[in-house]
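# Coordinates in review
Letter by letter, the chains look like this.
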Amino acid sequence: MSSSDKPPSVAATLQASMALSIEHPDDAKTEEEDECFVIVAQDVRFMVHRSRIESRSAALDALLKLPVDNPQERISNCPVIRVEDTAHDFLHLLYILYGLCKPHMSVAPHFRILAAWARIGTKYDLQDLAAHTLTHLRILFPTTLAGWDNRDAAGRRDRFRPQNAIEALNLFRAVGRPDMVPAAVYLCAQLPPRTIRKGTRRTDGVPEKLCAADVALVLHAQDCLRRHGARVLESACCFARAAPDECARTHDSTDTESASASDTRVDACYDTLVSKIRVASAGVMHSNSQARALVNGDPLHRGFLEYIAECADADDHAGIRCVGVCSACVRPAREHFESLRATVWEDLPRIAEVQNEIMPAWGLDVVE
C-alpha cells in the first residue's frame, strides 16, 4: 500500500508508534544489549525489544518464535515477524507492554480502545487486561434493564457511537461473550438496513461487516422490535385504568359540597393523564412525537416514560384549577409502561438467539 493509499488513521498510528522508542533507564538491559525484532502489522512496522514481550504470556513468547517468512528480510538488521493484528490493535498492545498506557487507570475509555484491548487481551492471553476490559464493556452492554438505562449517563454516551454496533457484535462473537450479544444486536437493529448489510469501518479504517447469518439475525430483530414497539403504542392508545384509590383518599372530605368538588378533581386528574397518553400516542407520526421511537424499533427508549413523568404536577394537584396529574395517578401508568419495557428486555435473548447460552442469568447483575 502506498503512502497515498493509507487511511489517515493508519498514518496517525505510525506517527504515534514513534513514542515507543523512548528509553527506560530502569530496564535490566540497555537497548544496545536487548534483542530487537521488527513486527509488521498491516503495513506498519514496529521495532520491539524482546525484554518487553517475553514472559508476559505464553502467547507472546510464541510470537517471538514465529517462523520468519523470508530469512533474508531484515530491517535495521533485525528479523521481521508479520502478524495478523491490525496496526491499531498492535499499537495498543505495545502501549501496554512498554508502560505507556495503564488500562486500570483509564476512567472511561472509548469503545474503540476497549475493543482493541478485548481482542489483544484474548488473543495474547493477557488475563488481567481482558478482565479489566470486561468491566468497562459490561457498562456499555449490560444484562439488566437498569444497567441499560444507566449506560447513557453523563460521560458514557460519547464512549460508544451507533456505528460501533457492528464491531461490537463481531467482537463478542470472536471473544465468546454471548451475554453481551443481546444488547449488541439491539443496537445493530437501530442502524439503517443498508448499513446492516454493507457494514461500517472502524476508527482506523478497517472494515467491519456482519456475516450473512448475523445480517439475517439483525434484520429479523428489527422486525421483532418494531412489533414490540407497536404493542407498547397500542397499549398507550387504549390506555384506561380506574382512578387509583390513593388519589381519592388524598382529596377525601366529609363535607358533601367539598366531596363533590373533590370527586370532580379526582376524575379530572386521571382523565387528564389518560388523555395526555392517548394524545401522545395518536401523534406518533409527527416528528416531534415522544412515541416516535416506538414505531422505529426502539421500544426501550425512555422518551414516552419521561413524557408521562412530565404530566405529574409539581404541587401534587393542590388546587382545583391545576391542569397537571397527581403523583398517585401517574404511578400506575408509569409502572404499566415500565412493565412493557421489561417484557421487551426479557425477550432480547430470544431475539438474539442466545437464550440457551445465557439463561437464566439474563436480567441478573452477575459479576465474574
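Description of the structure in this document. Here the structure is a predicted model, which is why all the values come from computation and not from measurement.

## Re the packing of helix H4 (residues 87–97) against helix H5 (residues 111–123)
Helix-helix packing: each pair is described by the crossing angle between the helix axes and the interaxial distance. Viewed as axis vectors pointing N to C, H4 and H5 meet at an angle of 80 degrees, and their least axial separation amounts to 9 Å. By the angle class used here, H4 and H5 are roughly perpendicular. Every residue of H5 that contacts H4 at His-88, Asp-89, His-92, Leu-93 and Ile-96 is listed here: Arg-112, Ile-113, Ala-116, Trp-117, Arg-119 and Ile-120. Tallied by class, the residues present in the contact of H4 with H5 amount to 6 nonpolar, 2 polar and 3 charged.

## Considering the packing of aromatic side chains
The tally for this structure, following the rule as stated, stands at 8 aromatic pairs. Their ring planes at 75 degrees and their centres at 5.3 Å tell us that Phe-111 and Phe-160 sit as a pair that is edge-to-face. Of the two residues, Phe-111 is situated in helix H5 and Phe-160 in the loop between helix H7 (145–150) and helix H8 (165–175); the sequence distance between them amounts to 49 residues. Ring centres of Phe-141 and Phe-160 lie 5.4 Å apart, and the angle between their planes is 85 degrees; this geometry places the pair in the edge-to-face category. Taken as a pair, Phe-141 in the loop between helix H6 (127–140) and H7 and Phe-160 in the loop between H7 and H8 lie far apart in primary sequence, 19 residues in all. As far as the burial class goes, Phe-141 and Phe-160 line up, both buried.

## Thoughts on the environment of Thr-200
Of note, Thr-200 is situated in strand S5 (residues 200–201). You can call Thr-200 buried: its relative accessible area is 14%. Along the sequence, Thr-200 and Ala-165 sit 35 residues apart, while their C-alpha atoms lie 9.2 Å from each other. Excluding anything up to four places from it in sequence, Thr-200 contacts Gln-163, Ile-166, Thr-195, Val-206, Pro-207 and Glu-208. Among the polar contacts made by the side chain of Thr-200, one reaches the main-chain carbonyl oxygen of Gln-163 at a distance of 3.4 Å.

## Let's talk about the pattern of salt bridges
Scanning the entire structure with this criterion turns up 15 salt bridges. With a shortest N-O distance of 2.9 Å, Arg-177 and Asp-179 are connected by a salt bridge. Each member of the pair, Arg-177 together with Asp-179, is buried. Between Asp-347 and Arg-350 there is a salt bridge, and its shortest N-O distance comes to 2.6 Å. Here Asp-347 pairs with Arg-350, and both are found in helix H16 (residues 327–351), just 3 residues apart, close to one helical turn. Overall, the relative accessible area of 14% leaves Asp-347 in the buried class. The class of Arg-350 is partly exposed, set by a relative accessible area of 42%. Look at the salt bridges and you will find they share partners, linking Asp-89, Arg-119, Glu-167, Arg-202 and Glu-208 into a network.

## Some remarks on unusual backbone geometry
Most peptide bonds take the trans configuration, and most residues that are not glycine carry a negative phi. The phi angle at Gln-42 is positive, at roughly 55 degrees, despite the residue not being glycine. Mapped onto the fold, Gln-42 is located in the loop between strand S1 (36–41) and strand S2 (44–49). Located in the positive-phi region is Asp-125, a residue other than glycine, with phi close to 55 degrees. Tracing the sequence through the fold places Asp-125 in the loop between H5 and H6. Given a relative accessible area of 41%, Asp-125 falls into the partly exposed group.

## Some points on the side chain of Arg-177
Within the secondary structure, Arg-177 sits in the loop between H8 and helix H9 (181–188). When its relative accessible area of 15% is taken as the criterion, Arg-177 is described as buried. Separated by 2.9 Å, the side chains of Arg-177 and Asp-179 make a polar contact.

Parameters and conventions
Residues numbered from 1 in each chain as written. Predicted model: local features only at pLDDT ≥ 70, side-chain atom pairs only at ≥ 80, totals over all residues. Heavy atoms only, no water. Axes fitted to C-alpha atoms, helices over the stretch in contact; angles between N-to-C directions. Helix = DSSP H or I, 4+ residues; strand = E, 2+ residues; numbered from the N terminus. Parallel < 35°, antiparallel > 145°, perpendicular 65-115°, else oblique. Contact = heavy atoms within 4.5 Å. Nonpolar A, V, L, I, M, F, W, Y, C, P; charged D, E, K, R; others polar. Phe/Tyr/Trp six-rings, centres within 6.5 Å; stacked < 30°, edge-to-face > 60°. Buried < 20%, exposed > 50% of the residue type's maximum accessible area, 1.4 Å probe, protein only. Polar contact = N/O pair within 3.5 Å; in protein donor to acceptor, adjacent residues only side chain to side chain. Salt bridge = Lys/Arg side-chain N within 4 Å of Asp/Glu carboxyl O.

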